[in-house]
Amino acid sequence: MTGWSEYTLALALFTGSHFVPRIADLRGRMIASIGRSTYFALYGALSLVLGIGVVGAAIRAPYLEVWPQQPWSRWVPNLAMPLALVLGCCGVRLRQPFTLGARRGVRFDPADPGFAAVSRHPLLLALTLWAGAHLVPNGELAMVILFGSFAAMALLAIWAFDARARRVLAHDAEPFFARTALFSLRPLTSVEWLRGNARRLGWRALAGLALWLAALHLHAVFTGVPAFST
């Protein structure tokens with residue numbers, strides 16, 4: 001199977017893997033059957049395989065130009081990805097339950113919001129940055145569909161999580177949203193916030209930058225395109 005048929009199937013499988021588990025509480029029943037840790041380990045592995053597959057299928061799809069690539073546009077991902085990977089590393093096991101990758105069973109404390117004060121959806125924001133930044137230099141139709149879909153799903157998830165927070169928290173939603181942000185650098189200027197978070201998050205930020213450096217060198221291996229090619 002080649003061309004658009006391969007790409008359509010790969011995209012359908014990847015998208016379906018994110019929506020099918022929510023039908024008739026399939027995810028909940030599987031977690032009850034095999035355990036939460038096992039379920040998410042298997043689901044994460046499946047998502048990784050399907051994600052690599054859909055990117056490969058997009059690369060192999062027929063070239064149909066939507067907009068031409070400009071030399072400057074290749075720098076957009078290089079500038080955005082350090083921030084995206086730092087957000088991703090800092091957002092794992094976030095101490096607020098209404099987002100992707102939140103710590104299990106955590107209750108949000110408005111007096112100690114942690115990294116949620118910088119972003120209450122860091123993993124989803126990182127995915128949006130990754131997809132949006134890669135959309136700029138990749139104007140062929142298959143890539144526009146791919147990265148546009150990723151960005152749209154991440155933004156939709158942000159809206160859905162915020163709506164759920166408002167519904168679940170009800171009258172307590174106001175302090176939750178007052179003490180968190182979609183993205184804000186203001187906490188980095190607060191001595192009190194830095195005193196409680198700088199050391200732990202500093203190591204995570206360094207891990208994100210290390211991942212970015214690794215991605216620069218491995219980009220050509222996985223995509224066939226050097227990160228700094230012109």
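Definitions and cut-offs
- Residues numbered from 1 in each chain as written.
- Predicted model: local features only at pLDDT ≥ 70, side-chain atom pairs only at ≥ 80, totals over all residues.
- Heavy atoms only, no water.
- Helix = DSSP H or I, 4+ residues; strand = E, 2+ residues; numbered from the N terminus.
- Rg over C-alpha atoms; globule rule 2.2 N^0.38 Å.
- Buried < 20%, exposed > 50% of the residue type's maximum accessible area, 1.4 Å probe, protein only.
- Contact = heavy atoms within 4.5 Å.

Enquirer: When you look at the overall build of the chain in this model, what are you seeing that I'm missing?
Expert: Assigned secondary structure in the chain consists of eight helices and zero strands. Counted from the first residue to the last, the chain has its helices and strands arranged as α-α-α-α-α-α-α-α. For 230 residues, the compact-globule estimate of 2.2 N^0.38 gives 17 Å, and the chain sits close to it at 19 Å. Viewed in the frame of its principal axes, the chain has a C-alpha envelope of about 55 × 45 × 30 Å. Of all 230 residues assigned to the chain, the portion counted as buried reaches 36%. Intrachain contacts of the chain at a sequence separation of at least 6 include 72% that bridge at least 24 residues.

Enquirer: I would appreciate a short explanation of the environment of Val86 in the present structure.
Expert: Here Val86 is to be found in helix H4 (residues 75-91). What makes Val86 buried here is its relative accessible area of 17%. On a C-alpha basis, the gap between Val86 and Asn197 in space is 15 Å, while along the polypeptide they are 111 residues apart. The residues touching Val86, leaving out its near neighbours within four places in the chain, are Ala205, Gly208 and Leu209.

Enquirer: Sorry, what's going on with the side chain of His134 here?
Expert: Among the secondary structure elements, His134 is positioned in helix H5 (residues 122-135). In contact with His134, other than residues within four places in its own chain, are Pro77, Met81, Phe147 and His219.

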